[in-house]
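# What the coordinates show
Residues per chain are reported as follows:
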Amino acid sequence: MNLFEDYHVHSNYNDHSANDLTIQNVVKRAQTLNLVTLAFTEHVRLSSNWIERYLQEINTIRQKTSIKVIAGFEAKILADGSIDCPDYYAKNYFIVASFHTNYYKKGIWLNALRKAIENPTVDVIGHIAPEPTFNIEEREIEQLGALLAKHNKVVEINAKYRLPPLNWINPLIDGGVKMHLGSDAHSLNEVGQFSSILDLVSVARTKGVQRDREM
Ligand SMILES: [Zn+2]
Ligand SMILES: [Zn+2]
């Protein structure tokens, strides 16, 4: 877990980010901050028609910077557990799968999450948290941790939403889950900023060191 790696950044290819959040400006900003890794993870839908332009722009800029620039998408986890992303792009690019809708039923949520974790095209589960109307018990967090580790999925620590919840971190890391950081930046000054989650990072680091010692 490296504070100079940001695995969740948006751009002005969506309709709700700041206008100056161009691919070029994000990379410039990342250079100023000495980031070593930067993943663009634009909101995608099956119907998105800007994808080729977006990928081309990232590809062009990648050749002009020493930062490791990753091209990817943030795809919504649907109620049936599938992700809202065209297959071709899901298979070939970095995919963060996140809930962006409440399903109001714990069974639906858990089932959709498990399917997303088992989906080989998904790399990361984004801003994970139960919905406000239900709790996930410690035992269930452990089971999810085992499934995440089995399918080699990363859980991001998300700076925008300050997630996962603090009490998820230890059981996930104990289960062998890897974590990385995502700012979820929707404006330039949010790129690479993790000051809101230093408490979560600290717990994750301490637990990670402890786990590695025991292995
Ligand atoms: Zn999201
Ligand atoms: Zn996002």
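Summarised in this report is the structure supplied together with it. Throughout, a residue's number is its position along its own chain's written sequence, starting from 1. For naming, the first written chain is A and the first written ligand is 1, with later ones following in the order written. pLDDT decides what is reported in this predicted model: residues at 70 or higher carry local features, side-chain atom pairs at 80 or more are listed and counted, and totals for whole chains, interfaces and linings draw on all residues regardless. Computation of side-chain values covers all heavy atoms of the structure but excludes hydrogens and water.

## A closer look at the pairing of strand 7 (residues 178-182)
- The cut-offs for exposure are 20% and 50% of the maximum accessible area for each residue type, with area from a 1.4 Å probe on protein chains only; residues under the lower value are buried, those over the upper are exposed, and the others partly exposed. Only DSSP runs of H or I reaching four residues or more are called helices, and only runs of E reaching two or more are called strands; each is numbered from the N terminus. Counting buried positions along strand 7 gives four out of five residues, so the element sits mostly inside the fold.
- Orient the strands so they point away from the viewer, and a crossover whose first-strand-to-second-strand path over the helix runs clockwise is right-handed. With respect to chirality, the unit in which strand 6 (residues 154-158) leads through helix 6 (residues 166-174) into the neighbouring parallel strand 7 is right-handed.

## Describing the sheet that holds strand 7
- Strand pairing is defined by DSSP finding a minimum of two bridges between the two strands. If you trace the seven strands from one edge of the open sheet to the other, you get 1-2-3-4-5-6-7, paired in parallel fashion. Both outer strands of the open sheet, strand 1 (5-9) and strand 7, are each paired with one neighbouring strand and no more.
- In the sheet, strand 4 (residues 94-98) pairs with strand 5 (residues 124-125) via two bridges, with the strands oriented parallel. Across the sheet, Ala-97 pairs through a bridge with Ile-125, a residue of strand 5.

## Details of the coordination of the zinc ion (ligand 2)
- Water is absent from the atoms considered, so a metal site may look incomplete; donors are defined as N, O and S atoms within 2.8 Å of the metal, or 3.2 Å for Na, K and Ca. Within the protein, His-8 (NE2), His-10 (NE2), Glu-74 (OE) and Asp-184 (OD) serve as the donor atoms for the zinc ion (ligand 2), at 2.1 to 2.2 Å.
- Considering all four donor atoms around the zinc ion (ligand 2), the spread of angles at the metal, 84 to 175°, places the coordination shape in the irregular class.
- In primary sequence terms, the donor set of the zinc ion (ligand 2) follows H-x1-H-x63-E-x109-D.
- The metal-metal distance between the zinc ion (ligand 2) and the zinc ion (ligand 1) comes to 3.4 Å, with Glu-74 coordinating both. With His-10 in the loop between strand 1 and helix 1 (23-32) and Asp-184 in the loop between strand 7 and helix 7 (198-214), the pair connects residues that are 174 residues apart, well separated along the chain. Like Asp-184, His-10 is buried. Under the classification used here, a metal with four donors is tetrahedral if each angle lies between 85 and 135 degrees, square planar if opposite donors are over 155 degrees apart and the others between 65 and 115, a six-donor metal meeting that same test is octahedral, and anything else is irregular.

## Some remarks on the pattern of salt bridges
- Salt bridge, as used here: a side-chain nitrogen of Lys or Arg that lies within 4 Å of a carboxyl oxygen of Asp or Glu. Counted under the stated rule, the structure contains five salt bridges.
- Measuring nitrogen to oxygen at the nearest pair gives 2.9 Å for the salt bridge that ties Glu-140 to Lys-106. Of this pair, Glu-140 sits in helix 5 (residues 138-150) while Lys-106 sits in helix 4 (residues 106-118), and the two are 34 residues apart along the sequence.
- Across the pair Arg-211 and Asp-212 runs a salt bridge, and its minimum N-O distance is 3.4 Å.
- The exposure class of Arg-211 is buried, given its relative accessible area of 17%.

## Considerations on the pairing of strand 6
- The buried fraction of strand 6 amounts to five of the five residues, a majority that puts the element mostly inside the structure.
- Where burial is concerned, the two faces of strand 6 agree: the one with Val-154, Glu-156 and Asn-158 and the one with Val-155 and Ile-157 are both buried.
- The sheet contact formed by strand 5 and strand 6 spans two bridges and is parallel. Within strand 6, the residue paired with Val-124 across the bridge is Val-154.
- At this point the chain moves from strand 5, through helix 5, to the parallel strand 6, and the crossover so formed is right-handed.
- Pairing between strand 6 and strand 7: five bridges, direction parallel. Following the sheet pairing, Ile-157 is matched in strand 7 by Leu-181.

## A short note on the packing of aromatic side chains
- Aromatic pairs are defined between Phe, Tyr and Trp rings, using the six-membered ring for Trp, whenever the two ring centres lie within 6.5 Å; interplanar angles under 30 degrees are classed as stacked, those over 60 as edge-to-face, and all others as tilted. Summed over all chains, the structure comprises 13 aromatic pairs.
- Pairing Trp-50 with Phe-73 gives two aromatic rings, centres 6.4 Å apart and planes at 40°, and the pair type is tilted. On the criterion of sequence distance, the pair formed by Trp-50 in the loop between strand 2 (37-44) and helix 2 (51-62) and Phe-73 in strand 3 (residues 68-76) is long-range, its members being 23 residues apart.
- Among the residues examined, Trp-50 registers a relative accessible area of 10% and is labelled buried.
- Here the aromatic cluster, defined as three or more aromatic residues joined through ring pairs, consists of Tyr-13, Trp-50, Tyr-54, Phe-73, Tyr-88, Tyr-89 and Tyr-93.

Bear in mind that shape data such as this cannot, by itself, settle questions of function.
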